[in-house]
Amino acid sequence: MEEKINYYKISRQEWQGFYNSKNMPLTQEELDGIKSLNDRLSMQDVEDVYIPLCHLIHLYMKEAESLNLSKGLFLHRYVKTPPFIIGIAGSVAVGKSTTARLVQTLLSRLFPRRNVQLITTDGFLYPNATLQEKGIMDRKGFPESYDMERLIQFLNEVKSGKKEIKVPVYSHSVYDIVPDQFELIEQPDILIVEGINTLQLPQNQQIYVSDFFDFSLFVDANPELIEQWYLERFEQLLDTAFLDPTNYYYQFAIGDRKKALAMAENVWQNVNLKNLEEYILPTRSRADIILHKTNHHLIDEIYLRKY
């Protein structure tokens, strides 16, 4: 791909040789708790791919701290090191959430003096009622369905060192923002921001979300594979949603399974795939690292940005 001309293409075998870890910083049980529904992740993946990745992130952190110190020397004043922000992007159902939780856990274990927190940009979606008022409920997940000004304000507050910041909570089970429920972000050393829109260019704002990132990662796979994972995950959601009438998927779980799957296929083709092709994939070349997945969520290649 032409867009990858400014990346080093690295095979998994070569990548795993860049950093050899003697200690595994988490257990199999902890790893099972990190995985999203229908995602696949092994201890070998952690050792081969993610531990070297976290040590590369640490190199970027030290470089950012060094530059901040140099700025202070230039200005003849103390300049506090701002939180290091990592952006993780990619399609729906590609495994971003699993990657984000794993990176958070590993960074916390490998560098225990660092306070590592995680948010998803789902919390910055407009509530369903607002989307309906705007007439864009069928565009949920597209750039215009997010309150980008609020997200940019939040990131600015994080970088500025604000003590406590409230982040809205999105529930996938009710498919909406949860009223009067918030996550607290409290002066992290490292903040991971995960979402499909983390690397997207804004429609109107002069500041990009990615302007606040010190390191960015894109989880990539062939769209046909992602569609397969999306539909498999949908079926697994139906297998449990029939027990909970408050779950958004309950309505599909108690109905005709073929009709439900046809609906999911339609959503993939007309919403998620369209969003992927028009808005998400064009941001891939903005990432510092691209993790490329093949069958069974196996990472086979890593792309490291040259400059």
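Structure report, in brief. Everything numeric here is computed off the predicted structure, so don't read it as measured data. (Residues numbered from 1 in each chain as written. Predicted model: local features only at pLDDT ≥ 70, side-chain atom pairs only at ≥ 80, totals over all residues. Heavy atoms only, no water.)

**Some points on the pattern of salt bridges**
Logical step 1: Across all of its chains, the model carries 14 salt bridges by this definition.
Logical step 2: Arg12 serves as the salt-bridge partner of Asp45, at 2.8 Å between the closest nitrogen and oxygen. With a gap of 33 residues between them, Asp45 in helix α3 (residues 43-75) and Arg12 in helix α1 (residues 12-16) connect regions that are remote in the sequence. Just as Asp45 is buried, Arg12 falls in that class too.
Logical step 3: The shortest N-O distance in the salt bridge between Asp220 and Arg284 comes to 3.0 Å. Of this pair, Asp220 sits in strand β7 (residues 215-220) while Arg284 sits in the loop between α9 (257-280) and β8 (289-293); the two residues are 64 residues apart in sequence, bridging distant segments of the chain. (Salt bridge = Lys/Arg side-chain N within 4 Å of Asp/Glu carboxyl O. Helix = DSSP H or I, 4+ residues; strand = E, 2+ residues; numbered from the N terminus. Buried < 20%, exposed > 50% of the residue type's maximum accessible area, 1.4 Å probe, protein only.)

**Some words on the pairing of strand β6 (residues 190-194)**
Logical step 1: Where burial is concerned, most of β6 is hidden: 5 out of the 5 residues are buried.
Logical step 2: Bridging between strand β2 (residues 84-90) and β6 involves 5 bridges; their strand directions are parallel. Bridging from a neighbouring strand, Ile88 pairs with Glu194 of β6.
Logical step 3: Pairing of strand β3 (residues 116-120) with β6 involves 5 bridges; the strand directions are parallel. Following the sheet pairing, Gln117 is matched in β6 by Leu191. (Pairing = 2+ DSSP bridges.)

**What to know about the sheet that holds strand β9 (residues 299-305)**
Logical step 1: Read across the sheet, 7 strands follow the order β1-β9-β8-β7-β2-β6-β3 without closing on themselves; strand pairing throughout is mixed. The open sheet has two free edges, formed respectively by β1 (7-11) and β3, since each of these has just one partner strand. The mean angle between the axes of side-by-side strands here comes to 20°, regardless of whether they run parallel or antiparallel. (Axes fitted to C-alpha atoms, helices over the stretch in contact; angles between N-to-C directions.)

**Brief notes about the nonpolar core**
Logical step 1: Tyr50, Leu53, Phe154 and Ile289 are the most contacted members of the largest nonpolar core, which has 85 residues in total.
Logical step 2: Broken down by element, the residue count for this core peaks at 9 residues, all from α3.
Logical step 3: Those residues in contact with Ile289 that sit more than four places away from it in its chain are Trp15, Leu53, Leu56, Phe215, Ser216, Leu217, Phe218, Ile302, Tyr303 and Leu304. (Core = buried A, V, L, I, M, F, W, Y, C linked by side-chain atoms within 4.5 Å. Contact = heavy atoms within 4.5 Å.)

**Observations concerning unusual backbone geometry**
Residues apart from glycine generally show negative phi values, whereas peptide bonds are mostly found in trans.
Logical step 1: One non-glycine residue, Asn38, lies in positive phi territory at about 75°.
Logical step 2: The topology assignment puts Asn38 in the loop between α2 (28-34) and α3.
Logical step 3: For Asn38, a relative accessible area of 16% translates into the label buried.
Logical step 4: At His297, a residue that is not glycine, the phi angle is positive and equals roughly 60°.
Logical step 5: Looking at where His297 falls in the secondary structure, it is placed in the loop between β8 and β9.

**Re the side chain of Glu227**
Logical step 1: Note that Glu227 resides in helix α7 (residues 223-241).
Logical step 2: Arg233 is the oppositely charged side chain nearest to the buried, salt-bridge-free Glu227, at an N-O distance of 13 Å.
Logical step 3: Other than its neighbours up to four places away in sequence, Glu227 contacts Glu265, Trp268 and Gln269. (Lys, Arg positive; Asp, Glu negative; His and termini not counted.)

**Quick look at helix α6 (residues 148-159)**
Logical step 1: Relative to the 16 Å expected for 12 residues at 1.5 Å per residue, α6 spans 17 Å between its end C-alpha atoms, a close match to the ideal helical length.
Logical step 2: When α6 is considered as a whole, its buried residues turn out to be Met148, Leu151, Ile152, Phe154, Leu155, Glu157 and Val158.
Logical step 3: Elements in contact with the buried residues of α6: β2, β3, β4 (165-171), β5 (176-185) and β6.
Logical step 4: Gly161 lies just past α6 and shows a positive phi near 85°. (Expected span 1.5 Å × (residues − 1).)

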